[in-house]
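Notes for the structure review
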Amino acid sequence: MIRSEKFLISQRPYAINLDSFTVEERDMNDRMYWVVDVESVWFRRRRGATVAAIGHIQSYNFDHRPADVHSFLTGLDDSRDSGRCEGRWDGTRYWGAQEPNVIEKHLALLRPMLDNYPAIPDGFDGWWRFR
């Protein structure tokens, strides 16, 4: 991924919660691999409307354990690891989680995010895009 100061929705950028970086070591048939995950938010156009979304960028790394969040992000060059959407707000409707506490958490972030489009929400770093 490449970090850009300029927001262009056409580049499908993500804002990343750098503090959410996790690495989980797993074993598959005596071969170690790492599941790497960061929370992310993004804007997209959906049916002619701008929406705010929350989810995760996750990657399964079989080569090496990423040293830190920046080496993980700059090492991603394939959008197959793009954001896995967990909640979306279009200004009228919410799509996503079914648990009330998760819905409330998502909307507490997504509502002001959409209202302040295209600003990066507090606690997130952006804009990151795939090459």
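Details of the structure are given in the entry above.
A short tour of the structure in this document, coming up.

Rules of the game
- Residues numbered from 1 in each chain as written.
- Predicted model: local features only at pLDDT ≥ 70, side-chain atom pairs only at ≥ 80, totals over all residues.
- Heavy atoms only, no water.
- Core = buried A, V, L, I, M, F, W, Y, C linked by side-chain atoms within 4.5 Å.
- Buried < 20%, exposed > 50% of the residue type's maximum accessible area, 1.4 Å probe, protein only.
- Helix = DSSP H or I, 4+ residues; strand = E, 2+ residues; numbered from the N terminus.
- Contact = heavy atoms within 4.5 Å.
- Polar contact = N/O pair within 3.5 Å; in protein donor to acceptor, adjacent residues only side chain to side chain.

1. Looking at the nonpolar core
In terms of nonpolar packing, the biggest core is built from 16 residues, with Met1, Tyr14, Ile16, Val38, Ile57, Phe72 and Leu73 touching the most fellow members. Every element with two or more residues in this core is listed here: β2 (14-28), β3 (31-46), β4 (49-61) and α1 (69-75). No other element matches β3, which puts 4 residues into this core. For Phe72, the contacting residues outside a window of four places in its chain are Phe21, Val36, Val38, Ile57, Ser59 and Pro66. Counting residues in hydrophobic clusters, the runner-up holds 14 residues, among them Val41, Phe43, Leu109 and Leu110.

2. Here we look at the side chain of Asp125
Its location among the elements puts Asp125 in strand β7 (residues 125-129). Of the residues examined, Asp125 reaches a relative accessible area of 17% and is grouped as buried. Within polar-contact distance, the side chain of Asp125 engages the side chain of Arg3 at 2.9 Å. One polar contact links Asp125 to Trp128, side chain to side chain, over a distance of 2.8 Å. Residues in contact with Asp125, not counting those within four places in the same chain, are Arg3, Tyr14, Ala15, Ile16, Leu18 and Ile120.

These results come straight from atomic positions and should not be treated as a statement about function.
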